[in-house]
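Each chain, letter by letter, is given below.
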Amino acid sequence: MTHKPVITDEILQQKLGSLKTMSDVTDFAKGLIAPTLQAMLEQEMTQHLGYPRHDTSGNLTGNSRNGSSHKQLKTGFGETSLTIPRDRNGSFDPMAVRKYETVTSDVEEKIISMYAKGMSTRDINTHMSDIYGVSISADMVSSITDKVLPLVKQWQERPLSRLYPIVYLDGIHFKVRDGGKIVSRCAYIVLGINAEGMKEILGIWIGENEGSKFWLQVLHNIKHRGTEEMLICCVDGLSGFPNAIKTIYPNAQIQRCIIHQIRNTVKYIPHKHKKSFCKALKTIYTAVDEESGLLALEEVKEQFPEYKIYLKSWEDNWQELSPFFEYPDEMRRIIYTTNTIESLNRQFRKITKTKSVFPHNESLSKLLYLVQEDITKKWIMPIRDWAKIIAQLSIFFPDQIESVISSSSS
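Residues numbered from 1 in each chain as written. Predicted model: local features only at pLDDT ≥ 70, side-chain atom pairs only at ≥ 80, totals over all residues. Heavy atoms only, no water.

Engineer: A description of the overall build of the chain should follow, citing residues and the corresponding values.
Structural biologist: The number of helices and strands found in the chain is 18 helices and seven strands. The 410 residues of the chain split such that 45% are buried. Pairs at least 24 apart in sequence give 64% of the contacts found in the chain among residues at least 6 apart. Roughly 22300 Å² of accessible area belongs to the chain as shown, and the carbon and sulfur atoms make up 53% of that amount. (Helix = DSSP H or I, 4+ residues; strand = E, 2+ residues; numbered from the N terminus. Buried < 20%, exposed > 50% of the residue type's maximum accessible area, 1.4 Å probe, protein only. Contact = heavy atoms within 4.5 Å. Areas by Shrake-Rupley, 256 points an atom, 1.4 Å probe, with all protein chains shown as cover.)

Quick look at the structure:
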């Protein structure tokens, strides 16, 4: 079969004169794909055998051309038909179009990008068909996106910084198929603020429903990857959470989320009293210091004796609710609530809401990894007022902060 040669400068100049619209340019570029790739394949075969087609120098060399096979290749310009040359020994492995490759890398990148944006398989197929004239099946989307699984493993096992001054820990729940049943799975997410004030997702682990035992495994993994110390750990109200943290990081200070505490407190307050009750609660967590906060708590109990039972959890958990009182306003703002990681979780939810049920844990891990890759690209600046915050931290944790600063400057 005779193929058109790759376009010459003379033909290109002639053709340019007839191009009037962007559609003309696109069609012209699309027409170059097949002949260009075909010429590259033929040239690779010539280099592989050591002699050109029909050259007598190839006689009795032990290998020769042996026909070709047909392949449909999906490219950014649509589907292209190619004939892949074969050699008699079966040793030819072309670079221009790899064996078993049916989708070019640029198309794969587009599919992975759309998948990371939360587009369904049907949406991806429709988009690729409308824009590029390429049909993409659900199995093909899965096969292409599965190529990121080694990257997921590599990212999940990467070394971490020795110290994270502030760390947020939280979980998100998803539905996953397991053995023919739909079960709940928790994505355990750890978000750290490093010594430079940059946000960093330390890892995402998929496990059973959120519990302190699995959190213990997560923290052990983080310790194993090089994180020796966490100074302040911000958590929600999960039972047993502080004990899990203290087991791995005994010197870490636990800060329970005030916002979660407020939500749990006002959950059963009648609507007619909720506004005044919330106003009274505000005097507790906006107090100037811990002592004033405790006094405000007593005053709220006296003001609303009928709701004293709902305030008992403030007393029971005061040791973990009160640490933020000893810090200046810049630090209080970022540690008294887990809003930082909840904001991250909302971005995960926004993307994953198109999938009501994931087919397996790997599918969930794959999408969460791709989403975090997209999110963290925008994290290019330290958090607000970090210069002040790290200076304040150096007063409260002089040995830990000084050692990090010394090692980074050496």
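Engineer: Tell me what's going on with the state of the cysteines, and back it up with residues and numbers.
Structural biologist: Overall, the coordinates contain zero disulfides when judged by the stated rule. Looking at Cys234, it has no disulfide partner, and the nearest cysteine sulfur is the one in Cys233, 7.5 Å off. (Disulfide = S-S within 2.5 Å.)

Engineer: Describe a negative patch on the surface, with residues and values.
Structural biologist: Negative charge collects at one region of the surface, where Asp289, Glu290, Glu291 and Glu326 lie side by side. If you trace the backbone, Glu326 turns up in the loop between helix 13 (318-321) and helix 14 (329-335). (Patch = residues over 30% accessible without salt bridge, like charges linked within 9 Å, V, L, I, M, F, W, Y side chains within 5 Å. Salt bridge = Lys/Arg side-chain N within 4 Å of Asp/Glu carboxyl O. Lys, Arg positive; Asp, Glu negative; His and termini not counted. Charge placed at Lys NZ, Arg CZ, Asp CG, Glu CD.)

Engineer: So what's going on with the pairing of strand 5 (residues 199-207)? Which residues, and what values?
Structural biologist: Of all nine residues making up strand 5, eight are buried, and the element is well covered by its neighbours. Between strand 4 (residues 181-193) and strand 5, which follow one another and run antiparallel, lie five residues, and Gly197 among them has a positive phi close to 85 degrees. (Pairing = 2+ DSSP bridges.)

Engineer: Tell me about unusual backbone geometry, and please be specific about residues and values.
Structural biologist: You will see that Asp385, though not glycine, has its phi angle at about 60 degrees, which is positive. Here Asp385 lies in the loop between helix 16 (361-376) and helix 17 (386-396).

Engineer: Just give me the short version of the packing of aromatic side chains, but keep the residues and values in it.
Structural biologist: Throughout the structure, instances matching the rule amount to 14 aromatic pairs. The interplanar angle of 85 degrees and the centroid separation of 5.8 Å between the aromatic rings of Phe277 and Tyr307 together place this pair among those described as edge-to-face. A residue pair is termed long-range when its members are at least 10 positions apart, and Phe277 in helix 10 (residues 271-285) and Tyr307 in the loop between helix 11 (290-303) and helix 12 (308-316) qualify at 30 residues. You'll find Phe277 and Tyr307 in the same group, each marked buried. Their ring planes at 25 degrees and their centres at 4.4 Å tell us that Phe324 and Phe325 sit as a pair that is stacked. The same class applies to Phe324 as to Phe325, namely buried. The rings of Tyr268, Phe277, Phe304, Tyr307 and Tyr310 are connected pair by pair, giving a single aromatic cluster. (Phe/Tyr/Trp six-rings, centres within 6.5 Å; stacked < 30°, edge-to-face > 60°.)

Engineer: Tell me about the packing of helix 9 (residues 258-266) against helix 10, and please be specific about residues and values.
Structural biologist: The relative placement of two packed helices is expressed as an angle between their axes plus a distance between the axes. Closest axis-to-axis distance for the helix 9/helix 10 pair is 11 Å, and the angle between their directions is 145 degrees. Between helix 9 and helix 10 the crossing geometry is right-handed. Contacts between helix 9 and helix 10 pair Ile258, Ile262, Thr265 and Val266 from the former with Lys274, Phe277, Cys278, Leu281 and Tyr285 from the latter. When grouped by side-chain class, the residues that make up the contact of helix 9 with helix 10 number seven nonpolar, one polar and one charged. (Axes fitted to C-alpha atoms, helices over the stretch in contact; angles between N-to-C directions. Left-handed = near helix turned anticlockwise from the far one by under 90°. Nonpolar A, V, L, I, M, F, W, Y, C, P; charged D, E, K, R; others polar.)

Engineer: Provide a residue-level description of the environment of Ser69, including the pertinent values.
Structural biologist: Along the polypeptide, Ser69 turns up in strand 1 (residues 65-75). For the pair formed by Ser69 and Thr83, sequence separation is 14 residues and the distance between their alpha carbons is 5.4 Å. Every residue in contact with Ser69, bar those within four places of it in the chain, is listed here: Leu82, Thr83, Ile84 and Arg86.

Engineer: Outline helix 8 (residues 241-248), listing residues and values.
Structural biologist: Those residues of helix 8 lying buried are Phe241, Pro242, Ala244, Ile245 and Ile248. In a view along the axis of helix 8, the buried residues occupy a sector of 160 degrees, so they form one face of it. Across helix 8 from its buried face, at more than 90 degrees, point the exposed residues Asn243 and Thr247. Where the residues of helix 8 are buried, they touch strand 3 (163-178), helix 7 (212-224), strand 6 (229-235), strand 7 (253-256) and helix 13. (Arc of directions from axis to C-beta.)

Engineer: Got a sec to walk through the pairing of strand 7? Specific residues and values, please.
Structural biologist: Bridge count for strand 6 against strand 7 is four bridges, and the pairing is parallel. When the bridges of strand 7 are listed, Cys233 appears paired with Ile254. Of the crossover connections in this fold, the one passing from strand 6 over helix 8 to the parallel strand 7 is right-handed. (Right-handed = clockwise from strand over helix to strand, strands pointing away.)

Engineer: Break down the sheet that holds strand 6 for me, citing the residues and quoting the values.
Structural biologist: Strand order in this open sheet of five strands is 5-4-3-6-7, and the pairing throughout is mixed. On the outer flanks of this sheet lie strand 5 and strand 7, each paired with one strand and no other. For this sheet, the mean inter-axis angle between neighbouring strands, taken without regard to orientation, is 25 degrees. As paired strands, strand 4 and strand 5 are joined by eight bridges and run antiparallel to one another. If you follow Ala187 over to strand 5, its bridge partner there is Ile206. Packed on one face of the sheet, helix 16 meets strand 3, strand 4 and strand 5 and runs near 170 degrees to strand 5.

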